[in-house]
Amino acid sequence: MYYFCRAQDPTLYEIYERANTLDFKSFLRAAFNDQWIKKNIWNNQVWQLAHGYAHQDNRTISDFHEEELLDLAKRHLEEISYIGFTETFSKDCQAIFSQLQISLFDGIPKTNVSPGRPLLCNLSEDDIDIAKSLTSLDQLLYDYAWDKFSKIRQINSVL
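1. A few points about the packing of aromatic side chains
- What the rule picks out here adds up to nine aromatic pairs.
- Here the aromatic rings of Tyr2 and Phe24 are separated by 5.3 Å at their centres, their planes lie at 65°, and the arrangement is edge-to-face. Taken as a pair, Tyr2 in helix α1 (residues 2-6) and Phe24 in helix α3 (residues 24-30) lie far apart in primary sequence, 22 residues in all. There is no split in this pair, since Tyr2 and Phe24 are both buried.
- Ring centres 5.1 Å apart and planes at 90° place the aromatic pair Tyr13 and Tyr16 in the edge-to-face group.

2. Topic: the layout of surface pockets
- Reported here for the largest pocket is a volume of approximately 1800 Å³.
- Every residue lining the largest pocket is counted, 38 residues in all, and those nearest its centre are Met1, Gln45, Arg117, Thr135 and Asp138.
- Every element with two or more residues in the lining of the largest pocket is listed here: α1, α3, α4 (35-41), α5 (44-50), α8 (125-134) and α9 (136-158).
- Across the lining of the largest pocket, the residue classes break down as 24 nonpolar, 10 polar and four charged.

3. Topic: the pattern of salt bridges
- Across all of its chains, the model carries eight salt bridges by this definition.
- The residue Arg18 makes a salt bridge to Glu14 at a minimum N-O spacing of 2.5 Å. Pair noted here: Arg18 and Glu14 are both in helix α2 (residues 14-21), with a separation of four residues, about one helical turn.
- Glu14 gets classed as partly exposed once you look at its relative accessible area, which sits at 38%.
- Arg18 is the partner of Asp34 in a salt bridge, and the nearest nitrogen-oxygen pair spans 2.5 Å.

4. A short note on the side chain of Asp92
- Tracing the backbone shows Asp92 in helix α7 (residues 89-99).
- Among the polar contacts made by the side chain of Asp92, one reaches the main-chain amide nitrogen of Phe85 at a distance of 2.7 Å.

5. Details of the environment of Trp146
- For Trp146, the location among the structural elements is in helix α9.
- Residue classification places Trp146 among the partly exposed residues on the basis of a relative accessible area of 31%.
- As a C-alpha pair, Trp146 and Ile83 span 63 residues in sequence and 8.8 Å in three-dimensional space.

Basis of the calculations
Residues numbered from 1 in each chain as written. Predicted model: local features only at pLDDT ≥ 70, side-chain atom pairs only at ≥ 80, totals over all residues. Heavy atoms only, no water. Phe/Tyr/Trp six-rings, centres within 6.5 Å; stacked < 30°, edge-to-face > 60°. Helix = DSSP H or I, 4+ residues; strand = E, 2+ residues; numbered from the N terminus. Buried < 20%, exposed > 50% of the residue type's maximum accessible area, 1.4 Å probe, protein only. 1 Å grid on protein atoms, 1.4 Å probe; cavity = no way out; pocket = protein on both sides within 12 Å on 5 of 7 lines; lining within 4 Å. Points joined across faces, edges and corners; volume = space filled by probe spheres on them. Nonpolar A, V, L, I, M, F, W, Y, C, P; charged D, E, K, R; others polar. Salt bridge = Lys/Arg side-chain N within 4 Å of Asp/Glu carboxyl O. Polar contact = N/O pair within 3.5 Å; in protein donor to acceptor, adjacent residues only side chain to side chain.

Next comes the structure, spelled out in structure tokens:
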């Protein structure tokens, strides 16, 4: 998110402006308190599945307890017809396209790739620790989904 925002016009959105004025570590640390940064990166996968910004009730991420957000995200995950994973991305794309009766000619194109984004191995241990603490609920949700849905797919592929 940081590197995507840095590549954007900083006058368009507050999050773009903050990414363009803060270095990476400062941006990560600000996500614990700065509403503009927090709402974009603090456990964003859990937030989007639990409630997100599309609801008309004007509740924000701060209106929920962490346990409530994770529980809602897990329940909403159960309503999704197909769950794909990073580790099985190509296979998942093939399955989804097949169900939609769309042929996948040349694979999935890479779009929205942020220039200059470092790989995980290029980040400091401190930066990685901060990022992990900002996404701890996301990791719990991912582990839950992997445990539940990858096993279901394995069973279905055997049948």
